[in-house]
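One-letter residues, chain by chain:
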Amino acid sequence: MRDSFEEPIRKSRMNSEDRDTQEKINKQIRDRKLARVNQFAQARRLSANRIKPFADAGVGFVAELDPNQVREIEEDPEVEGVFEDFVMQTRARMQTRARMQGAELNSEDYYNPSIQASCAVGLMGGSESFNGRRSAIWIIDSGVDARHVDLNVTRNRRLAASFVPGDSNPFEDLAGHGTHCAGLAAGLGKGNPGVRGMSAGAMIIPVKVLDKGGYGSWSNLVLALDHVEKYGQKGDVVLMSLGDSGIPNCPDSNPFLSQVISDLSEKGLFIVMSAGNDSGPANQNLPGCIDGPNIFTVGSYDFTCEGFTGFSATGNWGSPSIDWMAPGENLFSTYPGNQYAVMSGTSMAAALVAGLIHSKGGAPSSIRRESFQGVIYPFAGR
């Protein structure tokens, strides 16, 4: 909807150091805006149980519309636009079967027992223990297994959320992807063998947008970012290891998404996104093609425990869009069922950088630079 209908709360949000209080002090104005959205929809023969309204990131709603309804709504002068939904996914590759606590590891796991972490963590400068700051890492993904011994997952059901139809539990991860990313970003190292992330023990807030197959819709992501606008705080890190590639004119293809990501970054949150795994241009991978201050897109590099070895064959490439490189192949991390697994992809690289940024409270340092196809890329580290 246009601002002349109702402005989104993000433009005049009242803030608080307490997340729940922040949501509550804006509730009255939010309820009024949501009521107007419901009235608008009902006037166009859309019942309340057929729409998903939102008012923080923007003012609008998600709904299934027939062509006549699309035309009618598009012609309304108070409507900014009607956008067709489409599928997004994560394409991380599982390299080994899941392993239970105490299972024997081998050299191909690239695990360093002296630091209780993937060797990649050591190559990036090592893990740092979470120092008690109030900031958190939002994992917008397939959920996070909150029962894993190595993860500090909030149990606040107001913060953790699921926007996957028919799957309301953000503390269960049926795909394994979100849990794996969470360990790389913030693992505690309490298990056997244990996984320490770049910001060990940071509070994780899971927001589920991907189903058990690793697929979701852009409408799920819109609702998830609206949720982060509601509860997000300065210093938080928002990890989005997901997307869709081959998007023409990608940075300008979804103005709403760009506006919300930019707004969160302007509020002092850090946005970290994967570059994608299509061996193609990163500037055609949404949302990773979006650039700006405090917004970081991460590409993938191969490694062994002895050092970096080469650019990942499947990772997307190109600048603008890729801001940092990080290890992305054969990452040992947490997995649902109190297990561990090795997975690969720019998702894993982005998770490492998300934890690094959280532990530093700001952008990574460049620990090396390397050229690929005529572009020089900085490597993220301490």
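Keep in mind that what you see is a predicted model, and the values were worked out from it rather than measured.

1. Section: the packing of helix α6 (residues 218-231) against helix α7 (residues 255-266)
Between α6 and α7, whose axes approach to 11 Å, the crossing angle comes to 25 degrees. Between α6 and α7, the crossing angle belongs to the class labelled roughly parallel. Considering only the axes of α6 and α7, their crossing is left-handed. Seen from α6, the contacting residues are Trp218, Leu221, Val222, Leu225, Val228 and Glu229; seen from α7, they are Phe256, Leu257, Val260, Ile261, Asp263 and Leu264. For the contact of α6 with α7, the residue count by class is 10 nonpolar, no polar and two charged.

2. Side note on the side chain of Lys208
Examined against the element boundaries, Lys208 turns out to sit in strand β11 (residues 203-208). A relative accessible area of 1% means that Lys208 is categorised as buried. A polar contact of 2.9 Å, which involves the side chain of Lys208, links it to the side chain of Asp167. Ignoring sequence-local partners within four residues, the contact set of Lys208 consists of Asp141, Ser142, Gly143, Ala161, Ser162, Phe163, Val164, Asp167, Asn169, Pro170 and Glu172.

3. Some points on the UniProt feature "active site" (unreviewed entry) in the protein
This chain's UniProt record puts "active site" (unreviewed entry) on Asp141, His177 and Ser347. These annotated residues cover 207 residues of sequence, but their C-alpha atoms sit close together, with the largest distance between any two at 10.1 Å. Here Asp141 shows up in strand β8 (residues 136-141). According to the relative accessible area criterion, Asp141 is buried, its value standing at 0%. Among residues more than four places away in sequence, those in contact with Asp141 are His177, Gly178, Cys181, Val207, Lys208, Val209, Leu210 and Ser241. Of note is the side chain of Asp141, whose polar atom sits 3.3 Å from the side chain of Ser142. Here Ser347 shows up in helix α8 (residues 346-360). Here the side chain of Ser347 touches Thr90 through a polar contact of 3.4 Å, side chain to side chain.

What counts as what
Residues numbered from 1 in each chain as written. Predicted model: local features only at pLDDT ≥ 70, side-chain atom pairs only at ≥ 80, totals over all residues. Heavy atoms only, no water. Axes fitted to C-alpha atoms, helices over the stretch in contact; angles between N-to-C directions. Helix = DSSP H or I, 4+ residues; strand = E, 2+ residues; numbered from the N terminus. Parallel < 35°, antiparallel > 145°, perpendicular 65-115°, else oblique. Left-handed = near helix turned anticlockwise from the far one by under 90°. Contact = heavy atoms within 4.5 Å. Nonpolar A, V, L, I, M, F, W, Y, C, P; charged D, E, K, R; others polar. Buried < 20%, exposed > 50% of the residue type's maximum accessible area, 1.4 Å probe, protein only. Polar contact = N/O pair within 3.5 Å; in protein donor to acceptor, adjacent residues only side chain to side chain. UniProt positions renumbered as here; feature names shortened; annotations may be inferred.

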